[in-house]
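Below, each chain spelled out in residue letters.
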Amino acid sequence: MLAAKCIDLPIFARMKNNRIVMAPLRGFTERPFREAFARCFSGVDAVVSPFIPLVPVDFVNPSRLADLLPMGEAIPLIPQVIGNDPGQIIQMAGVLQAFGYREINWNIGCPMKKITRKQRGSALLHDPKRIDSILEEVFQHIDIGFSVKTRLGFNEKDEFEELIPVFNRFPLRSLTIHTRTGAQMYEGSADPVFLIPYLPQLKVNEIIYNGDLFSIEAVEFVKKIMPGLSSWMIGRGLIANPFLGEGLKAGEMRWNRPRFLHFHDILFDAVGKASTTHTIHLNRMKGYWTLFSKVYTYGESLKDEILHARSAAVLMEKAHQIINNESVSCC
Ligand SMILES: Cc1cc2nc3c(=O)[nH]c(=O)nc-3n(C[C@H](O)[C@H](O)[C@H](O)COP(=O)(O)O)c2cc1C
C-alpha cells in the first residue's frame with residue numbers, strides 16, 4: 001500500500017531527500033570554487049575533492065595537500081586519492097584522518113593517459129583481482145570511512161560484472177558509478193540503462209550515480225528507470241548551472257542573475273588570489289566559462305568572445321555584459 005502511494009508521488013517530491021554530491025574536477029573544484037559556491041548556493045550535501053596523486057615517500061609534505069589543509073569547508077569535503085599501492089593509500093588515509101576528515105575516496109575511474117599508463121585510475125578496472133587485494137589490505141589498516149569512484153570498465157562496459165563481487169566484499173561508504181568506460185574518456189553519452197540489471201546485485205551501502213546530469217530532467221530520467229537510486233554526483237552540470245543542486249531539491253529551476261553575478265565576482269577574485277600569474281588567472285576563468293557558457297541561449301558564440309579575451313580585466317567586462325544581458329536556456 002505504502003509502496004503504491006510512493007509511486008504516485010511526483011518524482012520531484014521524491015527527490016527532496018536525495019543526496020547531491022559535487023563531483024571532483026581538477027582545475028575547477030579546488031578551494032576557490034568550493035568557497036565561492038558555498039557562499040552563494042545551496043542544495044549540495046558533500047563535495048569530493050580533485051584527486052591527490054599518491055607517491056612513494058616516507059613523509060607526506062603538507063604542501064602537496066594545500067587544497068585539503070583543514071580550513072573549515074562550508075560543505076563537507078571528502079578528499080580523493082589516486083594510486084595503486086595499498087601502503088600509500090593507508091599512509092595518506094592516516095594523514096587525512098589527522099587533518100580531521102572522516103572519509104576518503106579512491107579514484108579508479110580516471111581515464112587520462114598519464115594516469116592509466118601507470119596502471120592507476122580506470123586502468124585498474126580490467127584487473128578486479130588487483131582491486132580486491134588493494135581493498136583487502138587497505139580495509140585491514142584504515143580507521144576512516146572509505147568510498148570508491150569507478151567507471152563501468154576500462155575498455156568494455158561488461159567488465160563491470162566482474163567488479164561487482166569485489167565491491168560487495170568490502171564495507172564501502174559509497175560507490176560512485178560514472179556510467180562510461182575509461183576508453184570512452186568523455187565521448188559519447190553516459191549509459192544509465194546499462195546499470196539497470198546490475199543494480200540489484202550491488203550490496204554496497206550507497207550507490208551514487210554519476211554522468212551527464214545536466215538538468216532536472218536528466219536526473220528525473222535516471223530516477224525513473226532506477227527508482228532505488230537517491231544519490232547523485234554532478235560535475236560539469238553543477239559548474240555550468242550552479243543553481244542545479246537547489247533546483248533539484250526544490251523541484252524547479254530558477255535562474256537568479258544577481259546571485260550568479262555575485263558568485264562570478266567572488267570566484268574571479270578568489271581565483272586571482274590563488275593564481276601566481278595574470279595568465280594563469282585568465283586561463284582558469286576561461287576554463288570556467290567553457291562550462292558557464294553552456295547555459296546561455298547563444299552559449300557557443302559567447303564562449304568564443306570570452307576565449308578571445310587578452311586579459312582578466314577584459315574577460316571580467318565581457319562576463320558582466322553576458323551575465324547582465326544574455327538569456328539562459330536552462331530555466
Ligand atoms: C576537467 C575534469 C577534471 C576531472 N577531475 C577529476 C578528479 O580529479 N577526480 C575524479 O574522480 N574525477 C574527475 N573528473 C570526472 C568527474 O568527476 C565526473 O566523473 C565526470 O565529469 C562525469 O560527471 P559529469 O557529467 O557530471 O561532469 C574530471 C572531469 C573533468 C572534465
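Everything numeric in this text was worked out from a predicted model, so none of it was measured.

### With respect to helix α7 (residues 160–168)
So, point 1. Those residues of α7 that sit buried are F160, L163, I164, V166 and F167.
So, point 2. Elements in contact with the buried residues of α7: β4 (103–108), α6 (128–141), β5 (145–153), β6 (175–181) and α8 (192–195).

### Details of the packing of α6 against α7
Pairs of packed helices are described in terms of their axes, by the angle between the two and the distance that separates them.
So, point 1. The N-to-C vectors of α6 and α7 enclose an angle of 15°; their axes lie 9 Å apart at closest approach. One finds that α6 runs roughly parallel with respect to α7. Judged by the sense of rotation from one axis to the other, the crossing of α6 with α7 is right-handed. Of α7, the residues touching α6 (which contributes P128, I131, D132 and L135) are E162, L163 and V166.
So, point 2. Taken together, the residues that form the contact of α6 with α7 break down as five nonpolar, no polar and two charged.

### What to know about the domain arrangement of the protein chain
Quoted interface sizes are often the accessible area lost when the parts come together.
So, point 1. Taken domain by domain, the protein chain holds domain 1 (11–250) and domain 2 (257–325).
So, point 2. Computed over C-alpha atoms only, the centres of domain 1 and domain 2 are separated by 27 Å.
So, point 3. Across the boundary between the two partners, domain 1 contributes 17 residues, which contact 16 residues of domain 2.
So, point 4. Roughly 1500 Å² of surface becomes buried between domain 1 and domain 2 when both sides are summed, with 76% attributable to carbon and sulfur atoms.
So, point 5. Of all residues in domain 1, the largest losses of buried area upon contact with domain 2 belong to F28, C40 and A240, amounting jointly to 32% of the total for that side.

### Details of the site of the ligand
So, point 1. Near the ligand, the surroundings consist of 18 residues, among which P24, Q80, N210, D212 and R236 are the closest.
So, point 2. Backbone polar atom of P24 to an oxygen atom of the ligand: 2.7 Å apart, as the coordinates give it.
So, point 3. K149 is positioned such that a nitrogen or oxygen atom in its side chain is 2.9 Å from an oxygen atom of the ligand.
So, point 4. When the free accessible area of the ligand is taken as 610 Å², the share hidden by the protein chains comes to 88%.
So, point 5. Residue classes in the shell around the ligand are distributed as eight nonpolar, six polar and four charged.

Cut-offs applied
Residues numbered from 1 in each chain as written. Predicted model: local features only at pLDDT ≥ 70, side-chain atom pairs only at ≥ 80, totals over all residues. Heavy atoms only, no water. Buried < 20%, exposed > 50% of the residue type's maximum accessible area, 1.4 Å probe, protein only. Helix = DSSP H or I, 4+ residues; strand = E, 2+ residues; numbered from the N terminus. Contact = heavy atoms within 4.5 Å. Axes fitted to C-alpha atoms, helices over the stretch in contact; angles between N-to-C directions. Parallel < 35°, antiparallel > 145°, perpendicular 65-115°, else oblique. Left-handed = near helix turned anticlockwise from the far one by under 90°. Nonpolar A, V, L, I, M, F, W, Y, C, P; charged D, E, K, R; others polar. Domains from an automatic or database assignment. Buried area = accessible area lost by both parts, 1.4 Å probe. Near = heavy atom within 4 Å. Polar contact = N/O pair within 3.5 Å; in protein donor to acceptor, adjacent residues only side chain to side chain. Areas by Shrake-Rupley, 256 points an atom, 1.4 Å probe, with all protein chains shown as cover.

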